[in-house]
Amino acid sequence: MVFGLKRVVKLKSWCVAAGLLVLAGASAAQDKFIVMASTTSTEQSGLFAHLLPAFKRASGIDVRVVAQGTGQALDMGRRGDADVLFVHDTAAEEKFVADGFGLKRLPVMYNDFVLIGPEADPVGVKGKDVVAALDKLGKLGGASGGTSGGTSRGTSGGPSASFISRGDKSGTHAAELRFWKAAGVDAPAAKVAGRNLDYRECGCGMGPALNMASATNAYLLADRGTWLSFKNRGDLAILVEGDSRLFNPYGVIVVNPARHPHTKTALAQAFADWVVSADGQATIASYRIDGEPLFFPSVAR
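Worth saying up front: this structure is predicted, and the values here are computed from it rather than measured. (Residues numbered from 1 in each chain as written. Predicted model: local features only at pLDDT ≥ 70, side-chain atom pairs only at ≥ 80, totals over all residues. Heavy atoms only, no water.)

Caption draft 1: Structural view of the overall build of the chain. Looking only at helices and strands, the chain has 11 helices and 13 strands in total. A total of 301 residues make up the chain; the buried ones form 48% of that total. Partitioning the contacts of the chain with sequence separation of at least 6, the portion at a separation of at least 24 is 73%. As presented, the chain carries roughly 13,700 Å² of accessible surface, and 58% of it is formed by carbon and sulfur atoms. (Helix = DSSP H or I, 4+ residues; strand = E, 2+ residues; numbered from the N terminus. Buried < 20%, exposed > 50% of the residue type's maximum accessible area, 1.4 Å probe, protein only. Contact = heavy atoms within 4.5 Å. Areas by Shrake-Rupley, 256 points an atom, 1.4 Å probe, with all protein chains shown as cover.)

Caption draft 2: Representation of helix 7 (residues 171-182). Across its 12 residues, helix 7 extends 17 Å between first and last C-alpha, which sits within 8% of the 16 Å expected from 1.5 Å per residue. Listed in full, the buried residues belonging to helix 7 are Gly171, Thr172, His173, Ala175, Glu176, Phe179 and Trp180. Where helix 7 ends, the next residue or the one after it, Gly184, has phi of about 75°, a positive value. (Expected span 1.5 Å × (residues − 1).)

Caption draft 3: Looking closely at the environment of Gly171. Tracing the backbone shows Gly171 in helix 7. Contact partners of Gly171, with chain neighbours within four places excluded, come to Thr70, His88, Asp89 and Phe113.

Caption draft 4: Focus on the confidence of the model for the chain. Mean pLDDT over the chain: 86, with 80% of residues reaching 70 or higher. In the predicted structure, residues 14-29 sits below a pLDDT of 50 and forms zero contacts with residues beyond four places in sequence or in another chain. For the stretch residues 142-156, pLDDT sits under 50, and the model shows 54 contacts to residues farther than four places along the chain or on other chains. (pLDDT = per-residue confidence, 0-100.)

Caption draft 5: Region of interest: the side chain of His173. Relative to the assigned elements, His173 resides in helix 7. Within the structure, the side chain of His173 is placed 3.5 Å from the backbone nitrogen of Asp168, a separation counted as a polar contact. Residues within four places of His173 in sequence aside, it is in contact with Ser165, Arg166, Gly167, Asp168 and Glu201. (Polar contact = N/O pair within 3.5 Å; in protein donor to acceptor, adjacent residues only side chain to side chain.)

Caption draft 6: Layout of the nonpolar core. Among the nonpolar cores identified, the biggest contains 44 residues, and Phe86, Phe271 and Val275 are the most heavily contacted of them. With six residues, the top contributor of residues to this core is helix 3 (residues 47-59). When residues no more than four places from it in sequence are discounted, the contact partners of Val275 are Leu51, Phe86, Val108, Val252, Gly280, Gln281 and Ile284. One finds Ala175, Ala183, Tyr219 and Val240 within the second-largest nonpolar core, a separate group that totals 24 residues. (Core = buried A, V, L, I, M, F, W, Y, C linked by side-chain atoms within 4.5 Å.)

Caption draft 7: Structural view of the pattern of salt bridges. The final tally for this structure, using the stated rule, is 12 salt bridges. The residue Asp81 makes a salt bridge to Arg79 at a minimum N-O spacing of 2.8 Å. Of the residues examined, Arg79 reaches a relative accessible area of 49% and is grouped as partly exposed. For the salt bridge of Arg224 with Glu241, the shortest nitrogen-to-oxygen distance reads 2.8 Å. Of the two residues, Arg224 is situated in helix 9 (residues 224-229) and Glu241 in the loop between strand 9 (236-240) and strand 10 (247-255); the sequence distance between them amounts to 17 residues. Arg224 gets classed as buried once you look at its relative accessible area, which sits at 15%. A network of salt bridges, in which partner residues are shared, links Asp112, Arg224 and Glu241. (Salt bridge = Lys/Arg side-chain N within 4 Å of Asp/Glu carboxyl O.)

Caption draft 8: How the structure looks around unusual backbone geometry. The backbone of Lys169 shows a phi angle near 60°, a positive value even though the residue is not glycine. Note on placement: Lys169 falls in the loop between strand 6 (159-165) and helix 7. At Asp290, a residue that is not glycine, the phi angle is positive and equals roughly 55°. In this fold, Asp290 is placed in the loop between strand 11 (288-289) and strand 12 (292-293).

Caption draft 9: Representation of the packing of aromatic side chains in the model. Applying the stated criterion across every chain yields a total of 13 aromatic pairs. Joined through ring pairs, the aromatic side chains of Phe48, Phe55, Phe86, Tyr250, Phe271, Trp274 and Phe295 make up one cluster. The side chain of Arg233 reaches across the aromatic face of Trp227, ending 4.3 Å from its centre. When the ring centre of Phe33 is taken as origin, the NZ or CZ atom of Lys264, which lies over that ring, is 3.4 Å away. (Phe/Tyr/Trp six-rings, centres within 6.5 Å; stacked < 30°, edge-to-face > 60°. Lys NZ or Arg CZ within 6 Å of the ring centre and 35° of its normal.)

Caption draft 10: Representation of the packing of helix 4 (residues 70-79) against helix 5 (residues 90-98). Interaxial distance between helix 4 and helix 5 falls to 11 Å at its minimum, and their mutual angle equals 5°. Judged on the interaxial angle alone, helix 5 and helix 4 are roughly parallel. Counting all contacts with helix 4, which are made through Leu74, Gly77 and Arg78, the residues of helix 5 involved are Ala92, Glu93 and Phe96. A breakdown of the residues in the contact of helix 4 with helix 5 according to their chemical character gives three nonpolar, one polar and two charged. (Axes fitted to C-alpha atoms, helices over the stretch in contact; angles between N-to-C directions. Parallel < 35°, antiparallel > 145°, perpendicular 65-115°, else oblique. Nonpolar A, V, L, I, M, F, W, Y, C, P; charged D, E, K, R; others polar.)

Caption draft 11: Structural context of the packing of helix 3 against helix 11 (residues 278-285). Two numbers describe how helix 3 lies on helix 11: the axes approach to 9 Å, and their chain directions differ by 155°. Between helix 3 and helix 11, the crossing angle belongs to the class labelled roughly antiparallel. Between helix 3 and helix 11 lies a crossing of right-handed hand. Across the interface between the two elements, His50, Leu51 and Ala54 of helix 3 pack against Gly280, Thr283 and Ile284 of helix 11. In terms of residue class, the contact of helix 3 with helix 11 is built from three nonpolar, three polar and no charged. (Left-handed = near helix turned anticlockwise from the far one by under 90°.)

Here is the structure:
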């Protein structure tokens, strides 16, 4: 009887131990994820829905994406709220690393920016020079006559246009401001300066900005990847492309554990290594819409 009782106790102890091992294994599996701060273009273009399942199959690691402007993504990294960054503002990324917040910037892929606007293009910006195009928009003369219709006649009798800006400190917004500056135009002040440019900052991602431009027949700067995946185009079309200044590179950065010891450096590095590997680069290259690639691998093989 005592012998039987001992066997029952041992059996129960074994079951408890086995249960704890199962729970520990489940907990470890649940912990095998990283938080990635990235841009809206990588998510809204559909790239991550294509890329991240392939990474999970290769590594067993889940990636939880927080998609926002590059500036906000870098701020997440500075606070230690992300393990890895996937962004597209090279100057800001290099500063992030130089300031000790990231380990190293690895080039991953690229596409280009395009200037979108009404297909009829009444302002006449179409061409291959983005700075010349913004110069034309910025020099719309006379009192402000911008309307929700996008392009009309200003009170001076000249054309009037609307321009939608991301206004969110994203990589696209940073590029747009560089181009305005090169054109000698203070675009955010255009309305109050009495010009016929209705400049609107939406403080939103690329997809919502495109929707606003479509609804108001406005001009805007977009990344080609999100534009290709965007279906609600209305009367919009690509008006300016092919300018070397429109080159749009993306990089990946692992957050520095010396600044934030709680971050999952090994798992984040596994992602960074994979996305620049032959498999990761091939996966990026294979993402297409209607046969057209949205991004091009940066790592030559």
